Amino acid sequence: MGKKRSAYGRLLAVLLAIAWIAGMASVSPRTAMADTNLALNKPIAEGGHTQVYAAANANDGNSATYWEGAANAYPNWIRVDLGSVRAVSQVVIKLPGSWGSRTQTLAVQGSSDDVSYSTLVSSATYTFAPSMNSVSIPVAGASVRYVKLVFSANSGATGGQVSELEVYGTAGQQTVSAFDRIAASSYTSQSGIQLEPASEGGLDVAFIDNGDYIAFDSVDFGSGAASFSARVASNASGGGIEIRTDGINGPLAGTCSVPGTGGWQSWTTVDCAVNQLSGTHSLYLKFTGGAGNLFNVLWFQFSGGTGTPPATGGDVVGHLFAGYQGWFNASGDGSPNGGWVHWSKNSSAPAANQNVNFELYPDLREYSKLYQTNLANLGNGQPAKLFSSYDQETVNKHFEWMRTYNIDGAALQRFGADLSDTPNNWKTNRDSVAVKVKNAAESYGRKFYVMYDITGMDPSTWEAAVKHDWTTNVVNAMRLPSSSAYAKQDGKTVVCIWGIGFTDRPGTAAESADLISWFQNQGIYVIGGVPTYWRTGVNDSKSGFLDVYKSLDMISPWFVGRFGQLSGADNFSTTVWQPDFAFAQQNGIAYQPVLWPGFAWSNMTGGPRNQIPRLHGDFMWRQAYDMKNIGIGTGYIAMFDEYDEGTAIAKAAENSSMIPSNQYFLTLDADGAAVSSDFYLRLAGDINRMFKGQIPVTANHPTSHQQ
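This is a predicted model, so every value here is computed, not measured.

1. What to know about the overall build of the protein
Piece 1. Within the protein, the regular secondary structure consists of ten helices and 32 strands.
Piece 2. Here the C-alpha radius of gyration of the protein, 27 Å, is about what a compact globule of 707 residues would show, namely 27 Å.
Piece 3. Each principal axis of the C-alpha distribution contributes one length, and for the protein these read about 80 × 55 × 50 Å.
Piece 4. Taken across its 707 residues, the protein has 57% of its residues classed as buried.
Piece 5. Taking all contacts inside the protein whose residues are at least 6 apart in sequence as the whole, residues at least 24 apart take part in 75%.
Piece 6. Here the protein displays about 25,800 Å² of accessible surface, and carbon together with sulfur accounts for 49% of that area.
Piece 7. If the 46 positive side-chain charges of the protein are averaged to one point and the 57 negative ones to another, these points end up 3 Å apart.

In structure tokens form, the structure reads like this:
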């Protein structure tokens, strides 16, 4: 898209504004002009449309354009993203004023996360009369980010129709947390800018010239914000963002420099310090620079300084993370590994009954890059392909799913730390994926932290190797902890060391204690991935490590494969989790237990198929239910993308139609219930909500098996 704002572009903006004002003449008395239409030009989506009548027509401020749902496909829906949770009092639906009368039957739904929706107004039939062609629907006391209309009938067409979807708030202004990611397009007022679709989703603020601004009412900075981050792109030389409060020329809190990025949709995240901001203010982002269009802005977010973290206290305690392997390669993906990794037992493409290393076949339908295997076509006739974690597009998709399904972030597995700085293909691949994880976490508003897995490391050098790798590679070369998406807890950078104290992992108690102390002396928050029986020092735990475990900031015991069935979870609740949690509380340690959906690795090891069944979601939900009843509200899911051992919660094959016809793979219907490929992502999202007290604690999961 050319970025020089043309005279035509300016004229078009003026005409759209005039059309919007003219359209307001048909608004009912209930929507006074003093109110703000929260839906205007906000990101909008649909279940489908007919011909050219797409969703973008329904909140463009032009009552002559309209959305029409797919023909004869009821129920059909249209949904607007308000940008943040807002107090909603009224929804207004308009049709073009020249249209004849008709009735439409619809319900109004709302959501804070675009995953779980509640009914704001039950389905009812509304009459649209000529000339005015507008209905106003009161909404009682709802605070939502997403507003969805679900149509089931229209006497005048074969699908729902909307020329303008308008949403209005209550008289009192809803505050917005400065520590949440705020869409730049969700401004309350602006000068000089326009909106355009962004390559990373939603709308970006574009056509920015020197002196333009966007403003946001009632932004809550809590006890203090010390830094500012923004997602920006520029095909010019960039410019600056002045952060001001309470007026376009109000107090200057800081200025963030925006570089040229090589394209109007080539996004990067910029960070800068701000003066300690606290309390609630109107916020102005004023743009400065030279002549012509400067840059685009997609979103921004504030963070707390040392001693003044956001109101949540941090990114890990009280949150749900998932382990992220990122270790799959395919021939042709451009990785220095140069072949198939983890999908197969060697570097050759997976082939039936001889070279398959993974248990659970992924759902391939949403990946933009895939690689052909030597397996037979899927049951549905599609070629048997697989993704590569080396592709930024793949990592982006995974983090997009985390955002969509309410998973707070990822623990990035880091294997093979050593003292040598000599490059090799495996390390280059690993580090490249780490940077791609950083990029994706920034793009999709998720958090991540590095998790060192010390399995297989040299017992004589493992401690020094972790220290060297952290300093040389993670901090200095890749600068991962400098990312706005890197997890902080209690104002400290988070790192996890997985394998401390296991009988089959390296490290004495003295070495482990020294490494923990080394990190903590740098102001780092240390999580320990520890054995199941850490507290008693038996079975999988070395003896003599209790003081090491007590020195950790957070403890995350490993439970995968340790029990099965619902009764096994109930037994662990009584004999392990409850005394673990009590001990952790008594010793000031945060407790992050591991949850897992099920387990099998028959293709890798020849073990039994469906070894520890998922029980169509009941197994993982029971773990979460038992933990919540004890008082636990923090969790770690093993794993997000572990297709090797059948523990992945990422989208997977639902049934035999989605796997190769000549090779066994575990499918999600293995336990007698058909579930959608995203079921375990949706289940994880509901676990997160239950942990946070956002939905009731119930013995049976509320997650539907199908979408």
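2. Overview of the nonpolar core
Piece 1. Counting residues in hydrophobic clusters, the biggest one holds 132 residues, and the most contacted among them are Y361, F399, Y449, F519, F640 and Y643.
Piece 2. Looking at which element gives the most residues to this core, the answer is helix 10 (residues 679-691), with eight residues.
Piece 3. Excluding residues within four positions of it along the chain, F519 makes contact with Y452, V466, W470, V495, I497, I524 and V526.

3. Examining the pairing of strand 20 (residues 296-303)
Looking along a regular strand, one sees side chains alternate from face to face of the sheet.
Piece 1. Counted residue by residue, strand 20 has seven buried out of eight residues, so it is predominantly covered.
Piece 2. Here seven bridges tie strand 15 (residues 225-234) to strand 20, and the two strands are oriented antiparallel to one another. Counted as the bridge partner of S227 is S303 from strand 20.

4. Quick notes on helix 4 (residues 462-477)
Piece 1. At W470, helix 4 shows its maximal bend, which comes to roughly 35°.
Piece 2. Next to the buried residues of helix 4 lie strand 24 (409-415), helix 3 (425-444), strand 25 (447-453), strand 27 (492-498), helix 5 (509-520) and strand 28 (524-530).
Piece 3. One or two residues past the end of helix 4 sits R479, with phi positive at roughly 55°.

5. Overview of the packing of helix 7 (residues 565-586) against helix 9 (residues 618-630)
Piece 1. As a packed pair, helix 7 and helix 9 sit with axes 9 Å apart at the nearest point and diverge in direction by 30°. Here helix 9 runs roughly parallel to helix 7, going by the angle between their axes. Helix-helix and strand crossings are classified by hand; for helix 7 and helix 9 the assignment is right-handed. Here helix 7 contributes Q565, L566, A569, D570, S573, W577, Q578 and F581 to the contact with helix 9, which in turn contributes D618, F619, R622, Q623, D626, M627 and I630.
Piece 2. Of the residues in the contact of helix 7 with helix 9, the class split is seven nonpolar, four polar and four charged.

6. Thoughts on the packing of helix 4 against helix 5
Piece 1. Contact pair helix 4 / helix 5: the axes reach a minimum separation of 10 Å and the direction vectors enclose 15°. As summarised for this structure, helix 4 and helix 5 are arranged roughly parallel, according to the angle between their axes. Every pair of crossing elements has a handedness; the one defined by helix 4 and helix 5 is right-handed. For the pair helix 4 and helix 5, contact is made by W462, E463, V466, K467, W470 and T471 and by E511, S512, D514, L515, W518 and F519, respectively.
Piece 2. For the contact of helix 4 with helix 5, the per-class residue count stands at six nonpolar, two polar and four charged.

7. Digging into the packing of aromatic side chains
Piece 1. Applying the stated criterion across every chain, the model contains 45 aromatic pairs.
Piece 2. For the pair W343 and F358, a centre-to-centre distance of 4.7 Å together with 75° between the ring planes defines the contact as edge-to-face. With W343 in the loop between strand 21 (320-324) and strand 22 (371-372) and F358 in the loop between strand 21 and strand 22, this pair connects stretches of sequence that are 15 residues apart. For the pair formed by W343 and F358, the shared burial category is buried.
Piece 3. Both rings, one in F358 and one in Y361, keep their centres 5.7 Å apart while their planes meet at 40°; by these two values the pair is tilted. Judged on exposure class, the residue F358 and its partner Y361 are both buried.
Piece 4. An aromatic cluster of three or more residues is present, and its members are F328, W343, F358, Y361, Y367, F387, W401, Y643 and F665.
Piece 5. Here R614 stacks its cationic end above the ring of Y680, 4.5 Å away from the centre of that ring.

8. A short note on unusual backbone geometry
Piece 1. Along the chain, Y74 connects to P75 via a cis peptide bond; the corresponding omega equals -5°.
Piece 2. Residue placement: P75 occurs in the loop between strand 2 (67-68) and strand 3 (76-94).
Piece 3. Residues A638 and M639 are joined by a peptide bond in cis, for which omega reads 0°.
Piece 4. Here M639 is to be found in the loop between strand 32 (635-637) and helix 10.
Piece 5. At Q565, a residue that is not glycine, the phi angle is positive and equals roughly 65°.
Piece 6. Within the secondary structure layout, Q565 lies in helix 7.
Piece 7. Owing to a relative accessible area of 39%, Q565 belongs among the partly exposed residues under this scheme.

9. A few points about the pattern of salt bridges
Piece 1. Considering all chains together, one arrives at 25 salt bridges under this definition.
Piece 2. Note that K651 and E366 form a salt bridge whose closest N and O atoms lie 2.3 Å from each other. On the criterion of sequence distance, the pair formed by K651 in the loop between strand 32 and helix 10 and E366 in the loop between strand 21 and strand 22 is long-range, its members being 285 residues apart.
Piece 3. You can call K651 buried: its relative accessible area is 5%.
Piece 4. Here R689 makes a salt bridge to D686, at a shortest N to O gap of 3.2 Å. Here R689 pairs with D686, and both are found in helix 10, just three residues apart, close to one helical turn. For the pair formed by R689 and D686, the shared burial category is buried.
Piece 5. A single network of salt bridges, built from pairs that share partners, joins E366, K397, E400 and K651.

Parameters at a glance
- Residues numbered from 1 in each chain as written.
- Predicted model: local features only at pLDDT ≥ 70, side-chain atom pairs only at ≥ 80, totals over all residues.
- Heavy atoms only, no water.
- Helix = DSSP H or I, 4+ residues; strand = E, 2+ residues; numbered from the N terminus.
- Rg over C-alpha atoms; globule rule 2.2 N^0.38 Å.
- Buried < 20%, exposed > 50% of the residue type's maximum accessible area, 1.4 Å probe, protein only.
- Contact = heavy atoms within 4.5 Å.
- Areas by Shrake-Rupley, 256 points an atom, 1.4 Å probe, with all protein chains shown as cover.
- Lys, Arg positive; Asp, Glu negative; His and termini not counted.
- Charge placed at Lys NZ, Arg CZ, Asp CG, Glu CD.
- Core = buried A, V, L, I, M, F, W, Y, C linked by side-chain atoms within 4.5 Å.
- Pairing = 2+ DSSP bridges.
- Bend = angle between axes of the 7 residues up to and from the residue.
- Axes fitted to C-alpha atoms, helices over the stretch in contact; angles between N-to-C directions.
- Parallel < 35°, antiparallel > 145°, perpendicular 65-115°, else oblique.
- Left-handed = near helix turned anticlockwise from the far one by under 90°.
- Nonpolar A, V, L, I, M, F, W, Y, C, P; charged D, E, K, R; others polar.
- Phe/Tyr/Trp six-rings, centres within 6.5 Å; stacked < 30°, edge-to-face > 60°.
- Lys NZ or Arg CZ within 6 Å of the ring centre and 35° of its normal.
- Salt bridge = Lys/Arg side-chain N within 4 Å of Asp/Glu carboxyl O.

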